[in-house]
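Here is what each chain is made of, one letter per residue.
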Amino acid sequence: MGPPHPPHRTQRGGTAVTDAAQNGDQTRDETRDVSGAGTRDASGDRIREDAVEAALGKLDLDTKTRLLAGQDMWSLPALPEIGLSSLVMSDGPIGVRGVRWTADDPSIALPSPTALAASWDPALARRAGRLLAQEARRKGVHVLLAPTVNLHRSPLGGRHFECYSEDPYLTGEIGSGYVNGVQDGGVGTTVKHFVGNDAETERFTVDCVIAPRPLRELYLAPFEAIVANAHPWGIMTSYNRLNGTSMTENTHLVNEVLRAEWGFDGYNVSDWMAARSTTGDILGGLDVAMPGPDTVYGPALAEAVRAGEVPESAVDAAVRNVLRLAARVGALEGAPPAVTEVPDAVDGQALAREIAARGFVLVRNEGGVLPLAGGGGRTVALLGAAARDARILGGGSATVFPERLITPLDGLTEALPEGALTFAVGADPSEELTPADKGFTLRAVCRDAAGAVLGEGSLPSGQVQWIGDDLPAGVSYGTLASIEVTGTFLPRESGDHAFGTRGLGAFALTVDGTLLWEGVQELGNEADPFEAFFGAPSERAGIPLTEGRPVEVSLTYRVPDMGAVSLKAIMFSLLHLGPRRDADDLIAEAVEAARNADTAIVVVATTERVESEGFDREDLTLPGRQDDLVRAVAAVNPNTVVVVNAGSPVELPWREEVAAVLLTWFPGQEGGAALADVLLGDAEPGGRLPTTWPVAFADAPVTEVIPTEGRLEYAEGLLIGYRAYEAGSVVPAYPFGHGLGYTDWAYESLEAGPEGVRVRLTNIGTRPGREVVQVYLAPVADSVERPASWLAGFAGVEAGPGESVEVEIALPARTFEIWDEEARGWRRIGGGYEVRASRSHTDTRLTVTLDLA
Ligand code: BGC
């Protein structure tokens, strides 16, 4: 029971109606609106359509087909004759990289999509979207290549960190908030990857075999919800095939489902290099083939029309979609942009910090070890290489380069009194070389075939990623024959330093006047063409160096003939790894530090070779000796807190041996500051699991992502994630929806009707807090085959100690429906439903029965 007259609030769709609201503050609806809104000009639709038709009418066939093909890596051609500017696209989910792939064009890096989803807060996702729109405008980007809304089908999926959840409803809600936010700022989105790109192995060719019900009820569901709730201006079709048909040619899913059935009116762009058939793609509803300049559209498409293989009306339809996008983003003269006044400016650093803390999931907190008790004299041993070299984002196309990066070591050093913190490496998850960085001063010298210098470029690290025409002044693809990364290296430690390369082509590596390696790296037959980009680092040679004695370094790279892979891009890296120390010594040193401290905080992490794009994971173990480190530390310090810095589930075999486990995902550029906020109790860990964490990999419902003879059967049907755990007998380490805050809640009443539920709860702890009230439906006696229960709605509520809150959560009509394979339509299933108000999928606090007519 709360106090006699508890402050009492009612919340609808996630935002509380408080006394303040009744006193005149605005009441807000979470997914539809957020304060500081820009002005969207819906009435401009008609004028934009007229402008689109007028512009289309002025274009000849060749120009139209030219507009449908990338002119380079990221943009479409400008057509000054109709007042059309070049439309610029850019990745990606957690930031806006812009057209340059380099650290000297920095971007705000938000937490990984798994972290955003862990907030269970569509309004926060919307605010993230607005920040990204602001970033896009700053970088001249019209369309963001995001969000990624494929599902967490298997934890092995390489881009798991880049997707939101194993649950289609949560994915659709977070994705809708995100899309609304980006588009509030007048910037387009491309919801990706439509559809079935839930793993990476053989991603260009794999045929995902998915039955109609799981396809509709799981994999298409987030796309459908986002189209309905957020009206995205774009969609990206994936590389894979689906039930035998390439997604870029999938006229059924694109033309019939996405467009005709759902009413999508945006543009449809291929994933990069996914468009492989001129006629198949245009007839399949693919509007734009990216990247350019060599694509299956352009002249090839004009020729197909002239040969009578493609009706010109199909080209017109695609051009119309592109022009509509241009009109919306303000790139077509004479058409009013969809957003006339952008939202208030967002402080990116502050938002990155807020989202990080809101996404952290505290899965274990024995004896209330967190938040760390205040008071002077308490000491902390911070352990783990990832505390110093934080992993703030996942790899692949989602990569951006932040201007600053707060590691856990930075964050805690700043927050704790002087002398309270000690740090030891303990274990290093990465034995691999990374782009030459600390201690290196480098530049790139570009030469022609005769060795004459064409130009030079600055290099913030050993990574050269020049995309499209973003080459140093005076350099062009026609004349460029070699690039030398050259400069000095000042070693931080004495010992054997390893050097290596990443990329395809011929290399010569010289350090301190000695030629260490000369050789060629070729593209393997099986490899993903993006291997050059994201591929494995190769160690080439080692050399003993002395701390503080600078040496000259040089890596010369000969531009290769990439054959079929005709990307206008230069991508290679000079890699380095400092002297490796004995792993047992490192652990012993950390144990000593832990023994002498009141609290031990161990940061464990995955690496870029574990979670990235273009390949899947092989298991869920933490790399290196990190498990040994945690066990050794926990054995000497009962207050051991483990911070898990991974974008997706990993096995935590020691989880019952430590006092607390905090999942921080890839926490973005301000992650270390947010970590200090949460560990010291200035902020609550606000997250709930968007995906079930298994005890062991073998327990995961789907453990196979390698296609058999090119086919990947989704044989589990509807049973992924928590739906599968509930159907079987395996208990996960941490269930879907689980997460502890710093306060506690009593669920007091639950009323339910077909339209929605009303839950009353009280904060019975001693601190203010936020609770995510989760509503699950469980059919009482099912007349059809369905999962035993599923997430039907949720809302976040906030309350101070002793305060009660009442929240109304709408139930979408779809939650009572199944896809009827015979009737090819949705069917409402009447009967009895147990409605559960829960703290996680397995922690139900209240139930009522609802009889649905
Ligand atoms: C990825 C997309 C990305 C594109 C452009 C592709 O390899 O699958 O998600 O937007 O590259 O970087």
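Since we're looking at a predicted model, the values are computed, not measured.

The rules behind the values
- Residues numbered from 1 in each chain as written.
- Predicted model: local features only at pLDDT ≥ 70, side-chain atom pairs only at ≥ 80, totals over all residues.
- Heavy atoms only, no water.
- Helix = DSSP H or I, 4+ residues; strand = E, 2+ residues; numbered from the N terminus.
- Buried < 20%, exposed > 50% of the residue type's maximum accessible area, 1.4 Å probe, protein only.
- Contact = heavy atoms within 4.5 Å.
- Areas by Shrake-Rupley, 256 points an atom, 1.4 Å probe, with all protein chains shown as cover.
- Lys, Arg positive; Asp, Glu negative; His and termini not counted.
- Charge placed at Lys NZ, Arg CZ, Asp CG, Glu CD.
- Pairing = 2+ DSSP bridges.
- Arc of directions from axis to C-beta.
- Disulfide = S-S within 2.5 Å.
- Axes fitted to C-alpha atoms, helices over the stretch in contact; angles between N-to-C directions.
- Parallel < 35°, antiparallel > 145°, perpendicular 65-115°, else oblique.
- Left-handed = near helix turned anticlockwise from the far one by under 90°.
- Near = heavy atom within 4 Å.
- Polar contact = N/O pair within 3.5 Å; in protein donor to acceptor, adjacent residues only side chain to side chain.
- Nonpolar A, V, L, I, M, F, W, Y, C, P; charged D, E, K, R; others polar.
- Core = buried A, V, L, I, M, F, W, Y, C linked by side-chain atoms within 4.5 Å.
- Domains from an automatic or database assignment.
- Phe/Tyr/Trp six-rings, centres within 6.5 Å; stacked < 30°, edge-to-face > 60°.
- Lys NZ or Arg CZ within 6 Å of the ring centre and 35° of its normal.
- pLDDT = per-residue confidence, 0-100.

## Structural notes on the overall build of the protein chain
Phase 1: When helices and strands are tallied, the protein chain shows 20 helices and 40 strands.
Phase 2: Considering the protein chain as a whole, with its 853 residues, one finds that 63% of them fall into the buried category.
Phase 3: Counting contacts in the protein chain only where the partners sit at least 6 residues apart, residues at least 24 apart contribute 77% of the total.
Phase 4: Entry remark: accessible area of the protein chain is about 30300 Å², with carbon and sulfur atoms responsible for 48%.
Phase 5: In the protein chain, the 70 positive side-chain charges and the 119 negative ones have mean positions that sit 3 Å from each other.

## Focus: the sheet that holds strand β6 (residues 188-189)
Phase 1: Ordered by their spatial adjacency, three strands build an open sheet running β4-β5-β6, and the pairing between neighbours is parallel. The open sheet has two free edges, formed respectively by β4 (89-90) and β6, since each of these has just one partner strand.
Phase 2: Summarising the sheet, β4 and strand β5 (residues 143-144) pair through two bridges and their orientation is parallel. Opposite Ser90, over in β5, you have Leu144 as the bridge partner.

## A look at helix α9 (residues 251-261)
Phase 1: Those residues of α9 that sit buried are Leu253, Val254, Val257, Leu258 and Arg259. For α9, the angular spread of the buried residues around the axis is 160°, confining them to a single face.
Phase 2: Downstream of α9 by a residue or two, Gly263 has a phi angle that is positive, lying close to 80°.

## A word on the state of the cysteines
Phase 1: The full count for this structure, using the stated rule, is zero disulfides.
Phase 2: The thiol of Cys208 is not disulfide-bonded; the next cysteine sulfur, from Cys163, is found 13 Å away.
Phase 3: Here Cys208 falls in the buried class, since its relative accessible area comes to 2%.

## Topic: the packing of helix α17 (residues 583-595) against helix α18 (residues 626-636)
Phase 1: Between α17 and α18, whose axes approach to 9 Å, the crossing angle comes to 30°. Comparing the axis directions of α17 and α18 gives the class roughly parallel. For the element pair α17 and α18, the recorded crossing hand is right-handed. Residue-level inspection shows Ile587, Ala590, Val591, Ala594 and Arg595 of α17 in contact with α18, the latter providing Asp628, Leu629, Ala632, Val633 and Val636.

## Quick look at the site of the ligand
Phase 1: The environment of the ligand is formed by 14 residues, the closest being Asp91, Arg159, His193, Asp271 and Glu613.
Phase 2: Asp91 is positioned such that a nitrogen or oxygen atom in its side chain is 2.5 Å from an oxygen atom of the ligand.
Phase 3: Lys192 places a polar side-chain atom, nitrogen or oxygen, 2.9 Å from an oxygen atom of the ligand.
Phase 4: In isolation the ligand exposes 310 Å². Once the protein is present, 98% of that is buried.
Phase 5: Tallied by class, the residues present in the shell around the ligand amount to six nonpolar, two polar and six charged.

## Some remarks on the nonpolar core
Looking at soluble globular proteins, one finds that nonpolar side chains tend to be buried together.
Phase 1: Ranked by internal contacts, the top residues of the largest apolar core, which has 97 residues, are Leu110, Tyr178, Phe194, Val195, Tyr219, Leu253 and Val759.
Phase 2: Both domain 1 (8-31 + 743-852) and domain 2 (39-341) contribute no fewer than three residues apiece to this core.
Phase 3: With near-sequence residues (within four places) excluded, Val759 lies in contact with Tyr747, Ser749, Leu750, Val773, Val805, Glu806, Val807 and Ala837.

## Here's the deal with helix α7 (residues 212-219)
Phase 1: Summarising burial for α7: seven of the eight residues are buried, a large majority.
Phase 2: What α7 keeps buried is the set Arg213, Pro214, Leu215, Arg216, Glu217, Leu218 and Tyr219.

## Digging into the packing of aromatic side chains
Phase 1: Applying the stated criterion across every chain yields a total of 22 aromatic pairs.
Phase 2: Judged by centre distance (6.0 Å) and plane angle (75°), the rings of Tyr169 and Phe794 are edge-to-face. In this pair, Tyr169 is assigned in helix α6 (residues 168-184) and Phe794 in strand β35 (residues 790-799), connecting sequence segments 625 residues apart.
Phase 3: Following the ring pairs from residue to residue traces out a cluster consisting of Trp120, Tyr169, Tyr722, Phe736, Tyr776 and Phe794.
Phase 4: Arg216 extends its terminal NZ or CZ atom over the ring of Trp819, reaching a point 3.8 Å from the ring centre.
Phase 5: A cation over an aromatic ring shows up here: Arg609 above the ring of Phe615, its NZ or CZ 4.8 Å from the ring centre.

## What about the confidence of the model for the protein chain?
Phase 1: Averaged over all residues, the pLDDT of the protein chain equals 92, while 92% of them reach at least 70.
Phase 2: Across residues 1-7 the pLDDT falls below 50, and counting only partners more than four positions away or on other chains, this stretch makes six contacts in the model.
Phase 3: Every residue in residues 14-33 scores below 50 in pLDDT, and together they form 32 contacts with partners more than four places removed in sequence or on other chains.

## As for the sheet that holds strand β7 (residues 191-194)
Phase 1: Reading across the sheet, the three strands line up as β7-β9-β12 and stay open at both edges, with parallel pairing between neighbours. Pairing within the sheet leaves two strands with one partner each, and these edge strands are β7 and β12 (267-270). The average undirected angle you get between the axes of adjacent strands in this sheet is 30°.
Phase 2: Where β7 meets strand β9 (residues 234-237), two bridges bridge the pair, whose relative direction is parallel. When the bridges of β9 are listed, Phe194 appears paired with Thr237.

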